[in-house]
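Each chain, letter by letter, is given below.
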Amino acid sequence: MAKQEDIFKNVVSHAKEYGFIFPSSEVYDGLSAVYDYAQNGVELKKNIREYWWKSMVQMNENIVGLDAAILMHPTTWKASGHVDAFNDPLIDNKDSKKRYRADTLVEDYCKKLEDKAKKEIDKAKARFGDAFNEEEFVTTNARVVEYLGKKKEILSRLAKGMTDDLQDVKALIEELGIADPETGSKNWTDVKQFNLMFGTKLGASAESAMDLYLRPETAQGIFVNFLNVQKSGRMKVPFGIAQTGKAFRNEIVARQFIFRMREFEQMEMQFFVRPGEEMKWYHHWKDTRLKWHLSLGLGKENYRFHDHEKLAHYANAAADIEFNFPFGFKELEGIHSRTDFDLKAHEKYSGRKLQYFDAELNENYVPYVVETSVGLDRMFLAVFATSLQEETLEDGSTRTVLKLPAVLAPTKAAVLPLVKKDGLPEVSRKIIEDLKWDFNVAYDEKDAVGRRYRRQDALGTPFCITVDHQTLEDETVTIRHRDTMKQDRVKITELRGIIENEVSMKNWLMKM
Ligand code: ATP
């Protein structure tokens, strides 16, 4: 099996080579942790966004959409806590002058302990074969117990240090002998907090300009519009407001491709509920969101919940849906019970009431909020990386195939004339003219048909439709299925139905 690192490299290069993702402003050597979505990437991304929007807004009578501006009144970020608390703990290496996130250095150290434990487990697995009992081994093997125990102890000290005293995080780094990953130097500065928001200015003259921030999350645009939407839409609690849009964070450790970007897109929904009912809704949304992910068929084993023990200042319950990325399980989506923290804070800072009159209870209150927040780019990476597969065929040859869920594929079908003459291109064009009203379809006449199939496989196109001489006689074509490579002879008039059946959002969302 290919190493994780190689798989990941392959994902990045495939994304570039096949026109999914380019580094931003690449002619100037790129901009770190900023990426552009190319001709195929933009389609895949749009389809993911639509899949989310449909399941949230269109399918729920009590959820409506919003598109708030990226620039917001600066007091918003004071109220939300971002000005004071949206920080990363940074540490500099005095010799190399390189800057790192202190918590990440410690977490990377723990990952090594975990890898060591995993190595022992794999070794034992290979030795004992079917008789191997992993659960028992993990709790009894001295070395594994030591590695995992140490990891747990370190992480709990890290968590404490992060809230109580950053100097203890520095002490931990020194005690563990953690060195600068690039130079090996252990000459560290103190750990300092660094705000992740990008600043900008509004106004022409230097004196009168107002300091603004690029929003670090889309949620606040929803909170400040809560009453506008509720009143103008005559919404009744419980109800939700959904939004997709760009967010900006000056991330320090910005590696791992589009997993951690400085400019990214979020898909968030804030669900406003009666105080006291938030736990019921929190569990409801945890469950519903996982089902949405599973409906895409990327494999149940690739998801897990991580329930937070330590909660953010605004939350009374929180969980992540983690996904098995090429570099391990990491956060894909957050589900947070945010209490009435945000609305109360905006009431306090704005001096306006942000309350709801509940006619059934005959009572005014500030609703509680349950949030679901998923990164569109992380979704893209999850889908893309899992779909990219290298297959060995019966004849021993290999093919690269992007097994995207058909509902998300950038192009649904490619129409290929077997040869570039005898009227076959004309018939192909006619098929395209007919299908393009409903689906993204492509035309390809270059190279032998086998090569064209491979090209479409690598782009994730679910169907190839081949027009040959028989087509001229009986108006049939062959339709080839990407995943099985099975080919069927069908009537041209049947094509729409066959494609629709596999790509329709309805059929996919019904699996939820
Ligand atoms: P992390 O712990 O990975 O930094 P977070 O807990 O800060 O993430 P949230 O503030 O809960 O993330 O944001 C919600 C979602 O937005 C995340 O689950 C993730 O999918 C996405 N997201 C957050 N930061 C980034 C980023 N820098 N690049 C891409 N997506 C991001």
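The rules we used
Residues numbered from 1 in each chain as written. Predicted model: local features only at pLDDT ≥ 70, side-chain atom pairs only at ≥ 80, totals over all residues. Heavy atoms only, no water. UniProt positions renumbered as here; feature names shortened; annotations may be inferred. Domains from an automatic or database assignment. Contact = heavy atoms within 4.5 Å. Buried area = accessible area lost by both parts, 1.4 Å probe. Salt bridge = Lys/Arg side-chain N within 4 Å of Asp/Glu carboxyl O. Polar contact = N/O pair within 3.5 Å; in protein donor to acceptor, adjacent residues only side chain to side chain. Helix = DSSP H or I, 4+ residues; strand = E, 2+ residues; numbered from the N terminus. Pairing = 2+ DSSP bridges. Axes fitted to C-alpha atoms, helices over the stretch in contact; angles between N-to-C directions. Near = heavy atom within 4 Å. Areas by Shrake-Rupley, 256 points an atom, 1.4 Å probe, with all protein chains shown as cover.

An unreviewed UniProt entry annotates the protein as Glycine--tRNA ligase of Flavobacterium nitrogenifigens. Among the UniProt annotations of the protein, the heading Sequence similarities (unreviewed entry) holds the following wording: "Belongs to the class-II aminoacyl-tRNA synthetase family." What the UniProt record of the protein gives under Subcellular location (unreviewed entry) is the line "Cytoplasm".

## Things to note about the domain arrangement of the protein
It is common to report an interface's size as the accessible area lost on association of the parts. Along its sequence, the protein is carved into domain 1 (43-72 + 215-386), domain 2 (87-195) and domain 3 (393-509). Distance between the C-alpha centres of domain 1 and domain 3: 37 Å. Between domain 1 and domain 3, the residue contacts involve 14 residues of the former and 12 residues of the latter. Counting the surface lost from both domain 1 and domain 3, the interface buries some 1,200 Å², and carbon and sulfur atoms represent 77% of this. Area buried by domain 1 at its contact with domain 3 is led by Asn47, Tyr51 and Leu296, which between them contribute 40% of it. Counting every contact that joins domain 1 to domain 3 gives zero salt bridges. Across the contact surface, domain 1 and domain 3 share three residue pairs in polar contact (both at pLDDT 80 or more). Mapped onto the side of domain 1 that touches domain 3, the elements with two or more residues apiece are α2 (41-58) and α13 (376-387).

## Points about the sheet that holds strand β4 (residues 87-93)
The three strands are arranged β5-β4-β6 in an open sheet whose pairing can be described as antiparallel. With one partner strand each, in any of the chains shown, β5 (99-101) and β6 (188-195) form the two edges of the open sheet. Mean inter-strand twist for the sheet, computed between neighbouring axes without regard to direction, equals 35°. Across three bridges, the pairing between β4 and β5 is antiparallel. Paired with isoleucine 91 across the two strands is tyrosine 100, which belongs to β5.

## Some thoughts on the site of the ligand
Residues in contact with the ligand amount to 16 residues; listed here are only the nearest, Glu251, Arg260, Met261, Glu331 and Leu332. With respect to the ligand, the side chain of arginine 249 contributes an N or O atom lying 2.9 Å from an oxygen atom. Here the ligand loses 82% of its free accessible area of 590 Å² to cover by the protein chains. Every element with two or more residues in the shell around the ligand is listed here: β10 (263-273), β13 (328-339) and β16 (368-375). At five residues, the largest contribution of residues to the shell around the ligand is made by β13.

## Looking at the sheet that holds β10
Ordered by their spatial adjacency, seven strands build an open sheet running β3-β9-β10-β16-β13-β12-β11, and the pairing between neighbours is mixed. The open sheet terminates on both sides in strands that have one partner only, identified here as β3 (63-65) and β11 (303-307). Neighbour-to-neighbour, the strand axes of the sheet open up by a mean angle of 25°, direction not taken into account. By the bridge criterion, 10 bridges tie strand β9 (residues 239-248) to β10 in an arrangement that is antiparallel. Along β10, the bridge assignment pairs glutamine 243 with glutamate 268. Here α2 sits on the sheet in contact with β3, β9, β10 and β16, set at roughly 160° to β9.

## Topic: the environment of alanine 345
Its location among the elements puts alanine 345 in helix α12 (residues 341-350). A sequence separation of 269 residues divides alanine 345 from threonine 76, and the C-alpha atoms of the two residues are 9.1 Å apart.

## Some words on the pairing of strand β17 (residues 388-392)
Sheet analysis places β17 next to strand β18 (residues 398-402), joined by five bridges and oriented antiparallel. Bridge pairing in β18 links glutamine 389 to valine 401. Linking two consecutive strands that pair antiparallel, namely β17 and β18, is a turn of five residues; a positive phi of about 90° is found at glycine 396 within it.

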